[in-house]
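Descriptive structure summary
One-letter residues, chain by chain:
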Amino acid sequence: MKVPFLDLQASYLEIKEEIDAAVQRVLMSGQYILGQEVEAFESEWAQYCQADQAVSVGNGLDALRFTLMAMGIGPGDEVIVPAHTFIASWLAISQCGATPIAIEPDPHTLNIDCTKVESAIGDKTRAIMAVHLYGQPADMDSIHEIADRHQLRVIEDAAQSHGARYKNKVIGSHSDAVAWSFYPGKNLGAMGDGGAVTTNNRAIADKIRLLRNYGSEAKYKNEIQGFNSRLDPIQAAILRVKLKYLDLWNLRRKAIAEIYLKQINENFVIKPSTPQWVDSAWHLFVIQHAQRDRLKAELDTFEINTLVHYPTPPHKQIAYSDSIRHRGILPITEKISNTVLSLPIGPHLSMECVEFVVSTLNAVLPKI
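To start, this report covers the structure provided alongside it.

What counts as what
- Residues numbered from 1 in each chain as written.
- Predicted model: local features only at pLDDT ≥ 70, side-chain atom pairs only at ≥ 80, totals over all residues.
- Heavy atoms only, no water.
- Axes fitted to C-alpha atoms, helices over the stretch in contact; angles between N-to-C directions.
- Helix = DSSP H or I, 4+ residues; strand = E, 2+ residues; numbered from the N terminus.
- Parallel < 35°, antiparallel > 145°, perpendicular 65-115°, else oblique.
- Left-handed = near helix turned anticlockwise from the far one by under 90°.
- Contact = heavy atoms within 4.5 Å.
- Nonpolar A, V, L, I, M, F, W, Y, C, P; charged D, E, K, R; others polar.
- Buried < 20%, exposed > 50% of the residue type's maximum accessible area, 1.4 Å probe, protein only.
- Pairing = 2+ DSSP bridges.
- Phe/Tyr/Trp six-rings, centres within 6.5 Å; stacked < 30°, edge-to-face > 60°.
- Salt bridge = Lys/Arg side-chain N within 4 Å of Asp/Glu carboxyl O.

1. Quick word on the packing of helix H10 (residues 292-301) against helix H12 (residues 351-364)
What describes two packed helices is the angle between their axes and the distance between those same axes. It is at 11 Å that the axes of H10 and H12 come closest, and there the two elements cross at 130°. Relative to H12, the element H10 is oriented oblique. In this structure, H10 crosses over H12, and the sense of that crossing is right-handed. Together, Leu 295, Glu 298 and Leu 299 of H10 and Thr 360, Leu 361 and Val 364 of H12 make up the contact between the two elements. Here the contact of H10 with H12 is composed, by residue class, of 4 nonpolar, 1 polar and 1 charged.

What follows is the structure, given as structure tokens:
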């Protein structure tokens, strides 16, 4: 039995007629940059996220970068960021000219350890970036308490948490701004790149609208030095269709996660820890094992496709080789990068595949 990590074609085939009709609608409209389709998706996404504003952009990295720029964060500033995250969280900060200040993860949730945030705040700190890793919301109350005490902005990197909930409220409007990616593999994924920012702050939203479109609100009138980063109307139309299925598909992910949590032998691996106050989107199901590479290789022989998120943390990437600040002082992050393994999970993974993953994993674990 071949077990795919994520079957993107199946997500298309389930709703093929609706997606094909949406794409055809855009093609027949003659409007291929911004326009009504993009505006409609922005309105629907803002409503879903319980936010006043949603501004779409070309990708998730730009969503983060433009958010920081809209807040006036730049050279000389520092932003608190998780050490264990995808590098885009760091790149957005660096590309604004600011400095990422890495905080170790909580060993249980693998999200940012809020008990370590306050000691890292200094005179140059301007914001805290929370990342909802693997689809599980970070401890936002603790982050906001710290931010309020130090008068800091709070940004959420929600690239993996479409539809997740924190204390019964959907992610999307808890903080100053929330950045999203619609990369195809996300819970709400386009068929190409895409991103957005949701916020209740009109000034931030308006600034991002300028940044994404050459700094222009009206054609040939450029208020700032902007960029070209606009969500394609075809992708917006596809996302509008997929948004209707997001909650259903997340429930399927949750059902798989519950089987994994209940049936995988916990004597040999560390399974995800989910606080009672979160409802994860289960973008990823990540276990930990001391012999991760051996385990992955063994599962490969059974054609069970697994991935590692992430094998090299940002502070050890060549891109940050000149940043000596974090060298040797992030042992938890480095340990996690050597032990994490993402199991197949997705809304179109069959129960037969799920059972095969569990039975195979439980059979091979005692031998490693």
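2. Digging into the pairing of strand S14 (residues 340-343)
Side-chain alternation along S14 places Val 340 and Ser 342 on one buried face and Leu 341 and Leu 343 on a second face that is also buried. Relative to S14, strand S13 (residues 285-288) runs antiparallel, the two sharing 4 bridges. Within S14, the residue paired with Val 286 across the bridge is Ser 342.

3. A look at the packing of aromatic side chains
Under the defined criterion, the tally for this structure stands at 12 aromatic pairs. Note on Phe 41 and Phe 182: the rings are 5.4 Å apart at their centroids and 80° apart in plane angle, and the pair reads as edge-to-face. Taken as a pair, Phe 41 in helix H3 (residues 36-48) and Phe 182 in the loop between strand S8 (177-181) and strand S9 (195-199) lie far apart in primary sequence, 141 residues in all. Relative to Trp 277, the ring of Tyr 166 lies with its centre 5.4 Å away and its plane at 75°, an arrangement referred to as edge-to-face. Of this pair, Tyr 166 sits in strand S6 (residues 165-166) while Trp 277 is found in the loop between helix H9 (246-263) and strand S12 (278-279), placing the two residues 111 residues apart along the sequence.

4. Focus on the pattern of salt bridges
Side chains that carry opposite charge are capable of pairing whenever their charged atoms lie near each other. Counted according to the given criterion, the structure contains 16 salt bridges. For Arg 252, the salt bridge goes to Glu 14, with nearest N and O atoms at 2.9 Å. Here Arg 252 is found in helix H9, whereas its partner Glu 14 is found in helix H1 (residues 8-14), with 238 residues between them in sequence. For Arg 252, a relative accessible area of 26% gives the class partly exposed. A salt bridge links Asp 279 to Lys 254; its shortest N-O distance comes to 3.9 Å. Residue Asp 279 is found in strand S12, and its partner Lys 254 is found in helix H9; the two are separated by 25 residues along the sequence. Look at Asp 279 and you get partly exposed, because its relative accessible area is 30%. Look at Lys 254 and you get partly exposed, because its relative accessible area is 29%. Through salt bridges with shared partners, a single network forms among Arg 25, Glu 37, Glu 44 and Arg 240.

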